[in-house]
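# Observations on the model geometry
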Amino acid sequence: MAQLKYWLWLANLPKLNNQMKLALLEHFGEPDKIYYGEKEEYFLVPGMNRTAAEILENKDLERADRILGDCDRLGLRIITMRDVEYPDRLRNIYDPPLLLYVQGRMPRFDEEVAVAMVGTRRASPYAMEMGEKLAFQMAGLGAVIVSGLAAGGDAAAHRGALRAGGLTAAVIGGGHDVIYPREHRFLYEDIAARGVILSEYPPGTEHMAGHFPVRNRIISGLSLGVVVIEAPERSGALITAGRALDQGKDVFAIPGQVGDHHCAGSNALLRDGAGVVTDAWDVLGGYAGKFPHKIRSLRMEEPRRFGGAPAAAERPKSPPKGKEPKEPEKPLLDLAGDHGLTDDQLCLVKALEGRTVQVDDLIEETQIPTRRVLSALTVLELDRIVTQESGKRFSLAVALK
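Remember, it's a predicted structure, so these values are computed and weren't measured experimentally. (Residues numbered from 1 in each chain as written. Predicted model: local features only at pLDDT ≥ 70, side-chain atom pairs only at ≥ 80, totals over all residues. Heavy atoms only, no water.)

### Looking at the side chain of Ser395
Among the structural elements, Ser395 can be located in strand S13 (residues 393–396). Sequence-distant contacts of Ser395, that is, excluding residues within four places in its chain, are made with Leu352, Arg355, Thr356, Ile385, Val386, Thr387 and Glu389. (Helix = DSSP H or I, 4+ residues; strand = E, 2+ residues; numbered from the N terminus. Contact = heavy atoms within 4.5 Å.)

### Brief notes about the pairing of strand S4 (residues 144–147)
In S4, alternate side chains face the same way, and those of Val144 and Val146 on one face and Ile145 and Ser147 on the other are all buried. As judged from the three bridges shared by strand S3 (residues 114–118) and S4, these two strands associate in the parallel manner. Across the sheet, residue Ala116 finds its bridge partner in S4, namely Val146. In this region the chain leaves S3, passes through helix H8 (residues 125–140) and returns to the parallel neighbour S4; the handedness of that crossover is right-handed. As defined by bridge partners, S4 adjoins strand S5 (residues 168–171) across three bridges and the pair is classed as parallel. (Buried < 20%, exposed > 50% of the residue type's maximum accessible area, 1.4 Å probe, protein only. Pairing = 2+ DSSP bridges. Right-handed = clockwise from strand over helix to strand, strands pointing away.)

### Comments concerning the packing of aromatic side chains
Counted by the stated rule, this structure contains six aromatic pairs. Residues Tyr6 and Tyr35 carry aromatic rings whose centres are separated by 5.1 Å and whose planes lie at 55° to one another, so their mutual orientation is tilted. One end of the pair, Tyr6, is in helix H1 (residues 2–11); the other, Tyr35, is in helix H3 (residues 31–35), and 29 residues separate them in sequence. Each member of the pair, Tyr6 as well as Tyr35, carries the same accessibility label: buried. Pairing Phe28 with Tyr42 gives two aromatic rings, centres 5.9 Å apart and planes at 65°, and the pair type is edge-to-face. Of this pair, Phe28 sits in helix H2 (residues 18–28) while Tyr42 sits in helix H4 (residues 39–42); the two residues are 14 residues apart in sequence, bridging distant segments of the chain. Judged on exposure class, the residue Phe28 and its partner Tyr42 are both buried. Members of the aromatic cluster, connected to one another through ring pairs, are Tyr6, Trp9, Tyr35 and Tyr36. For the cation-ring pair, Lys59 lies above Tyr35, with the distance from its terminal atom to the ring centre recorded as 5.2 Å. (Phe/Tyr/Trp six-rings, centres within 6.5 Å; stacked < 30°, edge-to-face > 60°. Lys NZ or Arg CZ within 6 Å of the ring centre and 35° of its normal.)

### So, unusual backbone geometry
Cis peptide bonds are those with omega within 30 degrees of zero, and the linkage from Tyr180 to Pro181 qualifies with -10°. Unlike most non-glycine residues, Leu149 shows phi in positive territory, near 60°. Examined against the element boundaries, Leu149 turns out to sit in the loop between S4 and helix H9 (153–163). Here the phi dihedral of Gln367 falls at roughly 60°; this positive angle occurs in a residue that is not glycine. Structurally, Gln367 can be placed in the loop between helix H16 (359–366) and helix H17 (370–382). Exposure remark for Gln367: the relative accessible area of 64% places this residue in the exposed category.

This is the structure in structure tokens:
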């Protein structure tokens, strides 16, 4: 706790930029050594000037004590860049934050297929629908959805991930106790309960316009890639995409209507080589081989593109003349093992065993609310556990053990 005070002192020194703070840590090793350092030694740090050295002579720890009290009151944890819990992905970017204020469940980002999804605040209805749908698909397959809890595309991404029962991380541009925008209070509470909310700003900090471009480096830094849902020519989402490119991350975009100003920026990204996204596998397909234990669709023996036919190499060969083709064996799903299904999904799978059932009959038989049945069936279909036939009838695509 004593050491944490010095981290808070350094992180919250006014008018001292992040690069200078990082340079001081590089030279001194720990923030308490910076605190007790001599002015002459400060000038040994590359880039140090007289103004910065004078700022460092402010040894007041009152604000650090106040922040610790606020964090205790709000149930926040503080992790510094020296802590094991601090993600290497973030630590290795050009200008990582010295510390993070954390509320909720912190994933091990270095082991996760974390994908950032960002979009304009004034998103079109199409972008809101596609953003939520894509986040739902990816979270249902095991990805962690990272966004900024802003209005528009960010909110759609968080909602989609939550609806799928997946993990989502929100990186905000102010203090945890300052909800912005105000109408996102319930969304904020849902994310805090089922995911994580991160900020480099202490409690009580207002969400200033200048904070958002700065926080975007954290959104991209935590992620393997960034999906731009929709962005006009000047958009914070494009800043995040630019940060991702600077960090060597992948950039994707959802195609928008040609000539629509809402998506002029995101369409320009596609023109310049960003990956085209029409479904979740357009993003997750490139990461599946590196994270086979995280992408749930790989539980099936023959993962394919959603809704697509098998590749030519996977198509069954014609049987020899005079021999009837055998029915292909279905992948086995062991309900006694680590199947990864939710209670709703498990109930529906058991109800479908050995038969094809219309969705209304499933709702009546299981007594699960309609919204939850539709949500569970969507995830099961993405996982290749069920297939949908005409008339909204469903059957199992696996054999149960």
